[in-house]
Amino acid sequence: MSGYFSSYGVILALFVIGVAIVAGALSVNRLLRPHRPTPEKLLTYECGIDPVGADWAQSQIRYYVFTYLYVVFAVDAVFLFPWATVFAAPGFGMTTLVEMFVFLGFIALGILYAWRKRVLAWT
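To keep things clear, this report deals only with the structure shown in the data block.

Rules and cut-offs
- Residues numbered from 1 in each chain as written.
- Predicted model: local features only at pLDDT ≥ 70, side-chain atom pairs only at ≥ 80, totals over all residues.
- Heavy atoms only, no water.
- Helix = DSSP H or I, 4+ residues; strand = E, 2+ residues; numbered from the N terminus.
- Buried < 20%, exposed > 50% of the residue type's maximum accessible area, 1.4 Å probe, protein only.
- Contact = heavy atoms within 4.5 Å.
- Patch = residues over 30% accessible without salt bridge, like charges linked within 9 Å, V, L, I, M, F, W, Y side chains within 5 Å.
- Areas by Shrake-Rupley, 256 points an atom, 1.4 Å probe, with all protein chains shown as cover.
- Salt bridge = Lys/Arg side-chain N within 4 Å of Asp/Glu carboxyl O.
- Axes fitted to C-alpha atoms, helices over the stretch in contact; angles between N-to-C directions.
- Parallel < 35°, antiparallel > 145°, perpendicular 65-115°, else oblique.
- Nonpolar A, V, L, I, M, F, W, Y, C, P; charged D, E, K, R; others polar.

Notes on the overall build of the protein chain
Phase 1: Regarding its fold elements, the protein chain presents four helices and zero strands.
Phase 2: In the protein chain, the succession of α and β elements from N to C terminus is α-α-α-α.
Phase 3: Expressed as a percentage of its 123 residues, the buried residues of the protein chain come to 5%.
Phase 4: Considering only intrachain contacts with a sequence separation of at least 6, the fraction spanning at least 24 residues in the protein chain is 52%.

Now the structure itself:
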């Protein structure tokens, strides 16, 4: 039983050492950095452009829709790599080929749905 808990002791020791290194680095950084705040440095900054207008602005939903579509299809593309390795295995050729066409059909339906809803039009 002592061998079981000693492995947790090693993990705990490594965690404590890691936290100490991070805390030490942040503390040294805070002690050594220059601190001269000016009104220009305290101004809100984004993309190198001075802020104009109110402090609240709406974002268009199309940005989120494009991001969501990208994430969905990027995750779907991840499934192509394991499929390629299983397809090469003997005895799985036709089964994996049919399953992949079903999978690609779902992806095609998703793209068709997004296109019909005019989500992919950037106007």
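Having seen it, we continue.
Observations regarding a nonpolar patch on the surface
Phase 1: A grouping of Met 94, Val 98, Val 102, Phe 106, Leu 109, Ile 111, Leu 112, Trp 115 and Leu 120 is seen on the molecular surface, where their side chains present a nonpolar patch of about 940 Å² in accessible area.
Phase 2: Tracing the backbone through its elements, the reader meets Phe 106 in helix H4 (residues 93-116).
Phase 3: Judged by relative accessible area, which is 58%, Phe 106 ranks as exposed.

Description of the packing of helix H2 (residues 61-78) against H4
Phase 1: Two numbers describe how H2 lies on H4: the axes approach to 11 Å, and their chain directions differ by 170°. By the angle between their axes, H2 is roughly antiparallel relative to H4. Along the contact surface, H2 presents Leu 69, Phe 73 and Asp 76, while H4 presents Phe 103, Ile 107, Gly 110, Ile 111 and Ala 114.
Phase 2: Its residues assigned to classes, the contact of H2 with H4 shows six nonpolar, one polar and one charged.

Just distances and angles here, no functional claims.
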